[in-house]
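Residue-level structural notes
Residue-level listing of the chains:
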Amino acid sequence: MSHVKFKRRHVPGRAGILALTGYFFRRSLLNIRQNLVINILAVITITLSFLIISLFLLVFVNLEGAGEIWSEKVQVTVYFDRELNDKEFAALKNVIMTLDGTDSISYVSKGEALKRFSARLKGQESLLNGVPQEVLPSSLEIRLKQPFRTSGGVEAYVTRLKKIPTIVEVQYGEEWVRRFNTFMNFMRFAGALLGGFIALAVLFIISNTIKITIYSRREEVELLELVGATRFFIRIPFLIEGMLQGLCGALLALLILAGVSWAFLNHAGDFLLFNPQQAGLVFIPVTFCAALVGGGILVGFIGSLTSLHRFVEQS
Amino acid sequence: MIQLHNVSVTYQQHICALNDVSLMIPRGDFVFLTGASGAGKSTLLKLLYAAITPSHGQIIIDNQNVSRLTRSELPYLRQTIGVVFQDFRLLPNRTVRENVAITLEVLGLGRKEIGERVNKILTQVGLEERMQATPCQLSGGEQQRVALARALVNEPKILLADEPTGNLDDENKSLILEILGEANCRGTTIVVASHDLRLVASSNRRSMMLDRGELREAHDESR
Ligand SMILES: Nc1ncnc2c1ncn2[C@@H]1O[C@H](COP(=O)(O)OP(=O)(O)OP(=O)(O)O)[C@@H](O)[C@H]1O
Ligand SMILES: [Mg+2]
């Protein structure tokens, strides 16, 4: 017996790779049109799933943003052993600026310190009558860069600060910083946990939806196998279809969310007591949006691939 | 071209559909496979296009042992075989034209080439007017002709037809036989399964008879 294997025959009139790509895309679009109902159902499911994810991200991003604003309260105040003249101040400022973690420095004069103190007394300012302007010391208030606004970060920074000779006292809201940090860490942990569960649920829902759309067309897959379509040939249009479904679902979800949050930002002030615009609410950052769209395409691809895999194996 | 050596097929471990069948069909032959309903005709054809595997025995097609083909080689065997399925297997969502084009698309042909060949074969089976219809808008006989067109459009080396004339009147039956005859003249080896003994007799071709899974007679009355 000869050993001529059944291989790709040379077929006259075979189209090039470009025409083949064109064929695959045309076929996918035709498939979508010819199986419109089930495709629409799949896209709706994917859209809702992504809406949940992106809504969650939106809330999470805004909480993080709020956390960042609060964390600006992490400030270090420095007092000196004696009154410094302007020249000494300038020199000291320079030294502090070179410290790693310093964001900005502002000078609080004696007058300013007294003014702040009297503002706190609220209505009992008369207590200060006759008190000389110089009773409170002048100081420097240092703002820290974002990564240093943690308990450990502030402590390390303060240790280095204390080594500067003219500085005798350093104050920062130790307790507050610690509590704030614990709270933020808890938030992130809860967010990650919840996000993880949501992502799993969404993956499960989407892959099952895609499985159903493919299963509803098992006749087509079977026939293609019987007329000699290679696995590659059978799969490509389904994969393209899955990716298009994922893309449409993710885009639709983002569009809906953007529309809703835009409406909320612009009209919530009418019936709510607070104005969300002033509260600094933001939309999901562009990179996250891109990641969501990419994720949609990926989920569509993987969902189709795994369903096809199982389906083709068992037949 | 086609050889079966002591082939048996058992469904679900106890339904014996074919029992120790050996046969040989030379290249360019045109044979009928007859037998009562349930005799195993469709089962035998399924073996040839490798939709099922034998529980016993060897199948050789085109000098190649079918059971030794790997998953990736199988499609290329099937590309050389045209099949008219007993239940047609037309895709309900696609037009007649698209249904016939499938066998050419699988080969990776260009759009223009596919269009021309599909038009030609559909004209040949008398369906040039119904190209944009979907299968459910066609009569049973018309669907059968679409299935035949799909099997023949890529000029396969082997054509397996399972009851290709089941739903047709005499005039269309002879049209189908004529088309099959032409394909045979161009070199296609043809196996037709049918229980229509009158049709088999009128065609003057070799016929083989199955009886409850066994090959009873293989008389050669051709030419
Ligand atoms: N998938 C299957 N599972 C179990 N039994 C089967 C299966 N397919 C066929 N059979 C049995 O195998 C036997 C042969 O079936 P086959 O379809 O080959 O008959 P046939 O000669 O084509 O009949 P017909 O002329 O009615 O089409 C029958 O008894 C049938 O019940
Ligand atoms: Mg049958």
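A quick note: this is a predicted structure, and the numbers were derived from the prediction, not measured.

Another point: the coordination of the magnesium ion (ligand 2). Residues and elements named next belong to chain B. Donor atoms from the polypeptide that coordinate the magnesium ion (ligand 2) comprise S42 (OG) and Q86 (OE1), at 1.9 to 2.2 Å from the metal. Separated by 44 residues along the polypeptide, S42 in helix 1 (residues 41–48) and Q86 in the loop between strand 6 (81–84) and helix 3 (96–106) bring together distant segments of the chain. Assessed through its relative accessible area of 19%, S42 is described here as buried. Residue Q86 is classed as partly exposed on the basis of its relative accessible area of 45%.

Okay, the domain arrangement of chain A next. Considered domain by domain, chain A is made up of domain 1 (22–69 + 181–314) and domain 2 (75–171). Spacing between the C-alpha centres of domain 1 of chain A and domain 2 of chain A amounts to 51 Å.

A word on the sheet that holds strand 2 (residues 15–25) of chain B. All names here are of chain B. The 4 strands lie next to each other as 2-1-4-5, forming an open sheet whose pairing is antiparallel. Sheet topology places strand 2 and strand 5 (64–65) at the edges, where each strand pairs with a single neighbour. Direction of pairing for strand 1 (residues 2–11) relative to strand 4 (residues 56–61): antiparallel, over a ladder of 5 bridges. Residue pairing in the sheet places H5 in a bridge with Q58 of strand 4.

Before going further, it helps to examine the sheet that holds strand 3 (residues 139–144) of chain A. Residues and elements named next belong to chain A. Judged by pairing direction, the sheet is antiparallel, and its 4 strands sit side by side in the order 2-3-1-4 without closing on themselves. With partners counted over all chains shown, the strands left at the sheet margins are strand 2 (102–108) and strand 4 (167–171), one partner each. Each strand axis lies, on average, 25° off the axis of its neighbour in the sheet, ignoring direction. Inspection of the sheet shows strand 1 (residues 75–80) paired to strand 3 by 4 bridges, in the antiparallel sense. Across the sheet, V76 pairs through a bridge with I142, a residue of strand 3.

The rules behind these values
Residues numbered from 1 in each chain as written. Chains lettered and ligands numbered in written order. Predicted model: local features only at pLDDT ≥ 70, side-chain atom pairs only at ≥ 80, totals over all residues. Heavy atoms only, no water. Donors = N, O, S within 2.8 Å, 3.2 Å for Na, K, Ca; no water. Helix = DSSP H or I, 4+ residues; strand = E, 2+ residues; numbered from the N terminus. Buried < 20%, exposed > 50% of the residue type's maximum accessible area, 1.4 Å probe, protein only. Domains from an automatic or database assignment. Pairing = 2+ DSSP bridges. Axes fitted to C-alpha atoms, helices over the stretch in contact; angles between N-to-C directions.

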